[in-house]
Amino acid sequence: MSGADLIAAHGLDRIGLKGRLSADQPLSSVTWFRVGGPAELLFQPADVEDLALFLRHLPEAVPVLPIGLGSNLLVRDGGLEGVVVRLSARGFGAISVEGETMRVGAAVPDKRLAEAAAEAGLGGFAFYAGIPGGIGGALRMNAGAHGAETVEVVRELQAVTRKGEILRMPASDMGYSYRHSAAPHDMIFTEAVFAGEPRERERIRAEMDAVNEHREKAQPIREKTGGSTFKNPPGHSAWKLIDEAGCRGLQIGGARMSDMHCNFMINTGEASAEDLERLGETVRARVLDTSGISLEWEIKRLGRFATGAGIEPFLGAAGGAASKESASHG
Ligand SMILES: Cc1cc2nc3c(=O)[nH]c(=O)nc-3n(C[C@H](O)[C@H](O)[C@H](O)COP(=O)(O)OP(=O)(O)OC[C@H]3O[C@@H](n4cnc5c(N)ncnc54)[C@H](O)[C@@H]3O)c2cc1C
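Criteria and cut-off values
Residues numbered from 1 in each chain as written. Predicted model: local features only at pLDDT ≥ 70, side-chain atom pairs only at ≥ 80, totals over all residues. Heavy atoms only, no water. Near = heavy atom within 4 Å. Polar contact = N/O pair within 3.5 Å; in protein donor to acceptor, adjacent residues only side chain to side chain. Areas by Shrake-Rupley, 256 points an atom, 1.4 Å probe, with all protein chains shown as cover. Helix = DSSP H or I, 4+ residues; strand = E, 2+ residues; numbered from the N terminus. Nonpolar A, V, L, I, M, F, W, Y, C, P; charged D, E, K, R; others polar. Expected span 1.5 Å × (residues − 1). Buried < 20%, exposed > 50% of the residue type's maximum accessible area, 1.4 Å probe, protein only. Arc of directions from axis to C-beta. Contact = heavy atoms within 4.5 Å.

Caption draft 1: Structural detail: the site of the ligand. Residues in close proximity to the ligand total 33 residues, the closest being Pro-66, Gly-68, Ser-71, Gly-144 and Arg-215. Here an oxygen atom of the ligand and a backbone polar atom of Asn-72 are 2.8 Å apart. For the ligand, a nitrogen atom lies 3.5 Å from a polar atom in the backbone of Gly-137. Surface burial for the ligand is 96%, taken as the share of its 970 Å² of free accessible area covered by protein chains. Within the residue set of the shell around the ligand, elements represented by two or more residues are β3 (64–67), α5 (135–141), β9 (144–145), β13 (188–195) and β15 (224–228). Here the shell around the ligand gets 5 residues from one element, more than from any other, and that element is α5. Among the residues forming the shell around the ligand, the class breakdown is 16 nonpolar, 13 polar and 4 charged.

Caption draft 2: Here's a closer look at helix α6 (residues 201–218). With 18 residues, α6 extends 26 Å from end C-alpha to end C-alpha; this agrees with the ideal 26 Å at 1.5 Å per step. The set of residues buried in α6 consists of Ile-204, Met-208, Val-211 and Arg-215. Along the long axis of α6, the arc covered by the buried residues comes to 55 degrees, so they all point the same way. Opposite the buried face of α6, at more than 90 degrees from it, the exposed residues are Glu-202 and Lys-217. In this structure, the buried side of α6 is in contact with α4 (110–120), β8 (122–123) and β9.

In short, geometric facts, not functional conclusions.
As C-alpha cells, then:
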C-alpha cells in the first residue's frame, strides 16, 4: 500500500491531527549510514496527545516504528512497511531542570542532555557527550559508553503504547541489560526523568572533554556509520574478535569495516543497505569460524530487502544457516 492509500483507507486526514503526515518518505536522508528505502508513511506528531490520537485511530495491523536520529539504524533498501514515527524537536525537545532531576523530551540529542547537565552542575551524564543519538534511542537500547549507561541515570519514563495509551512507568519496569530493554518494539518513549548528583562544573567539563578526545582518536565519527556494529560478547571485545578474524578493512561493494575501529561499518560513498548487511554477515561468519563465537548485531536492521531475496545469517556458515533472517521490522 502507498502512504497516500494508508491515509485514505483509515481517514487519517480527517481526525484532527496537528502533526505532519508525509507519504513515501525516503529514509536515507535521516540515517547516519545514508542508506535505506522509503517509509510508506512518516508521522511527526505535534505533542504526546497528538501521537496518542493517531495511534488510537490506526488499525493495530498496521506496523508502527519509532525512529530517532538514525545513528543506530540500517534501513533496508526496500523500505519500511506501515508508519514511521519521528518525534520533532518542537514537540519533544524540551529539557527542564528540577533540583537534582531533569525532565527531558525524547527528541533531545544525547549531547544536549550532557551539556544541560554540565550547566546545571549535575554529574553522571558526561558519557552522553560522545553518543550521536537522541534520548528516545538511548531509552530504547540502554545506550552507554566509558563504563556508564542509561539505566544508571534514568528514573521514570513516559511512553505511548501501540493502542494509544499514555503511560508513566519507573525505569525498573524496562528490563534493562547491556544495550537492551525489554519494552515492546512499537512502544514510543516521549519523555524521561533523569537524576544526577551535584558535581563541580569544571570537573564535568573535563570529563566531557576526555570523552570527546577519546572519540576523535579512536572512532571514525565523521564517516557514514552506525556506531558499534556488534555487541561485545560476554568476556570479549567484538573489535578484537573481528581483527583476529582478519576483517579489519574488509570491503564488500561500498561497505567497509573501518580501519580505525574495526567494529564500525562505514559506507564509503555508494554502499547499499544490502552491501552493509552482507558485510556484517560475512564478518559474523568469519568470527564464528576463527573463534566459535556468534556475534550479535547491535545495529538495528529494519525493513524489506529490495530484491526480496534476503541475506542469510552468517551467510550459511556453520551454526547460523538454520533460520533465514526475517525481512521485516527488526
Ligand atoms: C559514530 C557513532 C558512535 C556511537 N557510539 C555509541 C556509544 O558509545 N554507545 C552507544 O550506546 N551507542 C553508540 N552509537 C549508536 C547510537 O548513537 C545509539 O544507539 C543511540 O542511542 C541511538 O539513538 P538514535 O536516536 O539515533 O536512535 P535510532 O538509531 O533512530 O533508533 C535506534 C532504536 O531506537 C528506537 N527508538 C528511537 N527513538 C525511539 C523512541 N522515541 N521511542 C522508542 N524507541 C525509539 C528505534 O526504533 C530503534 O530500535 C554510536 C553511533 C555512531 C554513529
